[in-house]
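What follows is each chain in one-letter form.
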Amino acid sequence: MGETDPKIASNAHVLILPYTAQGHINPMLQFAKRLVSKGLKATLVTSTFISKSMLVDPNTPIDIQSISDGFDEGGFAQAESSEDYLATFQKVGSPSLATLMKKLGEIGRPVHALIYDPFLPWALDVAKQFGVAGVAFFTQSCAVNSIYYHVHKGLLQLPLSVSNVSLPGLPELQVSELPSYVSLYGSYPAFFDMVVNQFSNLDLVDWVLFDDFYELETEVVDWMSKLWKLGTIGPTLPSMYLDKRLEDDKDYGVNLFKPDTGTCMSWLDGKPKVSVVYVSFGSMAELDVEQTREIAWGLKRSRCYFLWVVRESEEAKLPTKFMEETSEKGLVVRWCSQLEVLSHESVGCFLTHCGLNSVMEAMCLGIPMVAVPQWTDQITNAKFVEDIWEVGIKAQPDEKGIVKSQAIELSIKEIMGGEKGKEIKKNANKWKNLAREAIDEGGSSDKHINQFVADLFAK
Ligand code: UDP
């Protein structure tokens with residue numbers, strides 16, 4: 001432990017409750033590992049359904065428990081709608097979480113703090129019921145959450161009747177650069193309510209944590225720090241990809257999908273350095289058939305090697321015979337170990353939907369991006385990738401919102417060989433260094449983690 005580390009009360013135990021999605025589990029699990037490295041005990045809570053199918057690294061230092069989200073046999077897919085899923089999760093999850101906390105107390109592992117995903121704001125009520133600290137852990141950027149906060153407070157009135165918005169600590173944003181739930185008001189009412197309700201009880205939390213680092217969003221973090229006790233604690237990649245201070249921390253360690261690691265790595269091994277475009281739209285995005293086809297043809301037109309993750313549920317959207325026709329150049333898999341792929345020397349570009357984890361992973365590994373955002377916060381993340389952090393190019397959609405194959409091809413070629421691509425690569429390397437410094441000993445995130453731990457758990 002570094003000399004700034006506080007002395008931790010010997011039985012201090014945190015419960016970590018992410019929303020039931022890979023992009024929420026990964027950063028919260030990694031944060032739990034940081035806490036364990038500082039002397040705390042940590043337990044990750046998943047849903048009963050996920051716990052039955054997830055693949056867990058047997059060496060993970062985190063204990064794992066489950067609660068019911070009300071859909072023990074099928075999870076989200078079993079619910080009638082998003083509304084049904086979220087309402088049932090609250091109704092069933094809340095007493096189920098209380099039962100778990102009670103049980104942990106009875107078996108000698110009492111919980112001292114609940115670190116919860118604010119997509120599940122009711123979890124804070126359970127923490128209060130047990131008289132333990134409540135900590136909100138946001139897995140979307142501070143910028144995006146500041147926008148949602150302004151909507152929650154009624155400071156941004158929807159539907160918007162302006163073409164640009166100016167909010168404290170943020171660059172001026174066109175309406176089309178705001179998260180889709182805000183710009184396309186009414187598009188996903190249940191998810192809109194969920195992101196806005198994150199703030200419904202936030203004034204009662206003990207701490208607010210963000211899965212990014214101070215240097216990335218300095219002004220908006222400074223502004224938000226006036227509202228709550230706030231810390232940026234990222235990046236939350238496994239330590240081996242960053243500061244290497246956590247022993248054997250090579251992987252997130254909980255996979256909701258089975259990665260095809262052997263096939264991917266041996267295929268990448270056979271490719272020249274910086275020659276492959278890695279393509280992934282994360283764990284949830286559902287592309288429409290036309291968009292999938294345009295991406296397929298864009299990859300083919302670019303003449304680059306490509307490794308494309310197409311989840312099983314998306315496979316039928318690929319053009320017929322695409323895989324056979326491009327087998328000389330491309331490999332399509334259902335899931336991969338994204339960090340191993342991004343850190344392979346043959347990968348030169350990441351065509352991404354701009355989920356925050358994917359963006360942070362690319363930045364930490366110095367990989368330039370082609371942004372093809374689909375919905376939710378990805379739209380705003382893509383704006384930051386292109387214009388604020390300057391680590392990628394946004395492939396431009398047509399008037400119907402479809403990114404055509406030509407736009408895909410041009411963006412890939414620019415990143416892989418163009419003048420702008422060289423500048424972007426330089427910026428990517430700059431951010432890679434800043435990200436590592438932030439989480440390394442004495443960096444901004446390391447300090448925030450130590451402050452947080454000292455405040456809540458020191459003897
Ligand atoms: N991921 C992975 N293998 C894949 C695709 C994605 O391990 O084939 C991981 C990726 O590294 C990231 C997470 O899944 O940590 C996706 O999170 P993100 O925020 O990028 O997108 P979301 O799935 O939430 O839309």
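Residues numbered from 1 in each chain as written. Predicted model: local features only at pLDDT ≥ 70, side-chain atom pairs only at ≥ 80, totals over all residues. Heavy atoms only, no water.

By the naming in an unreviewed UniProt entry, the protein goes by Glycosyltransferase and is assigned to Herrania umbratica. Comment text from UniProt for the protein, heading Sequence similarities (unreviewed entry), reads "Belongs to the UDP-glycosyltransferase family." (UniProt positions renumbered as here; feature names shortened; annotations may be inferred.)

Draft legend 1. Region of interest: the nonpolar core. If you look at the biggest cluster of nonpolar residues, it comprises 163 residues, and the most contacted ones within it are Leu17, Leu97, Ile115, Leu307, Trp308 and Phe452. No other element matches helix α3 (residues 82-106), which puts eight residues into this core. Residues contacting Trp308, with those up to four places away along its chain left out, are Val279, Phe281, Thr292, Ile295, Ala296, Leu299, Leu318, Phe322, Leu331, Val332 and Val333. (Core = buried A, V, L, I, M, F, W, Y, C linked by side-chain atoms within 4.5 Å. Buried < 20%, exposed > 50% of the residue type's maximum accessible area, 1.4 Å probe, protein only. Helix = DSSP H or I, 4+ residues; strand = E, 2+ residues; numbered from the N terminus. Contact = heavy atoms within 4.5 Å.)

Draft legend 2. Geometry of the sheet that holds strand β15 (residues 347-352). The strand order β14-β13-β12-β15-β16-β17 describes an open sheet built from six strands, whose pairing is parallel. If you trace the sheet from one side to the other, it starts and ends with β14 (330-333) and β17 (392-394), each paired once. Each neighbouring strand pair of the sheet contributes to a mean axis angle of 15°, computed without reference to strand direction. As paired elements, strand β13 (residues 305-309) and β14 share four bridges and run parallel to each other. The residue of β14 that forms the bridge with Val309 is Val333. Running at roughly 155° to β13, helix α10 (residues 289-302) makes contact with β12 (276-280) and β13 of the sheet. (Pairing = 2+ DSSP bridges. Axes fitted to C-alpha atoms, helices over the stretch in contact; angles between N-to-C directions.)

Draft legend 3. Layout of the site of the ligand. Not every one of the 19 residues close to the ligand is listed here, only the nearest: Ser283, Cys336, Asn357, Ser358 and Glu361. A distance of 3.0 Å separates an oxygen atom of the ligand from a polar side-chain atom of His353. Between the ligand and Glu361 there is a distance of 2.6 Å, counted from an oxygen atom to a side-chain nitrogen or oxygen. Look at the ligand: alone it shows 540 Å² of surface, and the protein chains cover 94% of it. Listing elements by their share of the shell around the ligand, those giving two or more residues are α1 (22-37), β12 and α13 (356-364). Residues that form the shell around the ligand fall into these classes: seven nonpolar, eleven polar and one charged. (Near = heavy atom within 4 Å. Polar contact = N/O pair within 3.5 Å; in protein donor to acceptor, adjacent residues only side chain to side chain. Areas by Shrake-Rupley, 256 points an atom, 1.4 Å probe, with all protein chains shown as cover. Nonpolar A, V, L, I, M, F, W, Y, C, P; charged D, E, K, R; others polar.)

Draft legend 4. Region of interest: the environment of Ser266. Mapped onto the elements, Ser266 comes out in helix α9 (residues 261-269). Measuring from C-alpha to C-alpha, the distance between Ser266 and Tyr185 comes to 45 Å, with 81 residues separating the pair along the chain. Looking at Ser266, its side chain comes within polar contact range of the main-chain oxygen of Thr263, at 3.5 Å.

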